[in-house]
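# Coordinates in review
Below are the chains, spelled out letter by letter.
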Amino acid sequence: MNIKVLAIGRTDDKQLLQLIDQYVKRLSHYVKFDLEIIPDLKNTKNLSEAQQKEKEGELILKKLAPTDVLVLLDENGKQFSSVEFSSYLQKRMNSGIKTLVFVIGGPYGFSENVYAKAQGKISLSKMTFSHQMVRLFVVEQIYRAFTILRNEPYHHR
């Protein structure tokens, strides 16, 4: 199985980028992993929230292959412990999925078209995090999940 994380907008913080890159490199030992950034929309001052979500949604959907399984990082999604998330990933891998795509949306969330295409929603916390921080958290949790599945010492139970 391949895992892809799609995110709207680039990260300016060099320290965050270094940490994200570190986990992306670590993940390459376990799974084919890709972090893809969809550039920020231009002239968002002239767009309503709904228009911005719609345009971002079009960009997200263009990045998907017909067989991709789309999971949204959404505040109303299901919450997992790290061990539960590793089981979730294992079940997804066992189901024969070719590519599992996690998406971090823009500042206003997702369009209705993206919600309609999604096959799941996951929430990292009831708290709100910056989109840049969420990238790090997601990549780290995917890495942690693989170390749990392999009984490696990274995660302490």
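The structure under discussion appears in the preceding block.
### Let's talk about the sheet that holds strand S3 (residues 69-78)
Strand order in the open sheet formed by five strands is S2-S1-S4-S3-S5, with parallel pairing between adjacent strands. Two strands close off the open sheet at either side, each with one partner strand: strand S2 (32-38) and strand S5 (121-122). Pairing of S3 with S5 involves three bridges; the strand directions are parallel. Among the inter-strand pairings, lysine 78 is bridged to a residue of S5, identified as isoleucine 122. Packed on one face of the sheet, helix H3 (residues 82-94) meets strand S1 (2-8), S3, strand S4 (99-104) and S5 and runs near 135° to S4. Across the sheet, helix H5 (residues 131-149) lies against S1, S2, S3 and S4, angled at about 170° from S1, the strand it touches most.

### Focus: unusual backbone geometry
One non-glycine residue with positive phi stands out, namely asparagine 43, at about 55°. Residue position: asparagine 43 is located in the loop between S2 and helix H2 (49-62). You can call asparagine 43 exposed: its relative accessible area is 57%. One non-glycine residue with positive phi stands out, namely asparagine 151, at about 55°. Secondary-structure assignment places asparagine 151 in the segment after H5.

### Re the pattern of salt bridges
Any two side chains of opposite charge can pair, on the condition that their charged atoms come close. On inspection of all chains with the given rule, the structure shows four salt bridges. Note that aspartate 12 and arginine 10 form a salt bridge whose closest N and O atoms lie 3.0 Å from each other. Both residues of the pair, aspartate 12 and arginine 10, belong to the exposed class. Across the pair arginine 144 and glutamate 140 runs a salt bridge whose closest N-O atoms are separated by 2.9 Å.

### Structural notes on the nonpolar core
Judged by nonpolar contacts, the single largest core of 29 residues is most densely connected at Leu89, Phe102 and Ile142. Residue contributions to this core peak at eight residues, all from H5. Once residues within four sequence positions are removed from consideration, phenylalanine 102 is found in contact with Ile3, Lys4, Val5, Leu6, Val71, Leu73, Phe85, Tyr88, Leu89, Ile122 and Ile142. The next biggest cluster of nonpolar side chains, apart from the first, holds twelve residues, and it includes Leu6, Ile60, Leu70 and Leu72.

### Some thoughts on H5
Its 19 residues place the ends of H5 27 Å apart at the C-alpha level, agreeing with the 27 Å of an ideal helix rising 1.5 Å per residue. Once H5 ends, the next one or two residues include asparagine 151, with phi positive near 55°.

### Quick word on the side chain of threonine 11
By the element assignment, threonine 11 lies in the loop between S1 and helix H1 (14-27). Judged by its relative accessible area of 9%, threonine 11 is buried. Engagement of the side chain of threonine 11 in a polar contact is seen with the side chain of arginine 135, the distance being 2.8 Å. Once residues within four sequence positions are removed from consideration, threonine 11 is found in contact with Leu16, Leu17, Gln132 and Arg135.

Quick notes on the rules
- Residues numbered from 1 in each chain as written.
- Predicted model: local features only at pLDDT ≥ 70, side-chain atom pairs only at ≥ 80, totals over all residues.
- Heavy atoms only, no water.
- Pairing = 2+ DSSP bridges.
- Helix = DSSP H or I, 4+ residues; strand = E, 2+ residues; numbered from the N terminus.
- Contact = heavy atoms within 4.5 Å.
- Axes fitted to C-alpha atoms, helices over the stretch in contact; angles between N-to-C directions.
- Buried < 20%, exposed > 50% of the residue type's maximum accessible area, 1.4 Å probe, protein only.
- Salt bridge = Lys/Arg side-chain N within 4 Å of Asp/Glu carboxyl O.
- Core = buried A, V, L, I, M, F, W, Y, C linked by side-chain atoms within 4.5 Å.
- Expected span 1.5 Å × (residues − 1).
- Polar contact = N/O pair within 3.5 Å; in protein donor to acceptor, adjacent residues only side chain to side chain.

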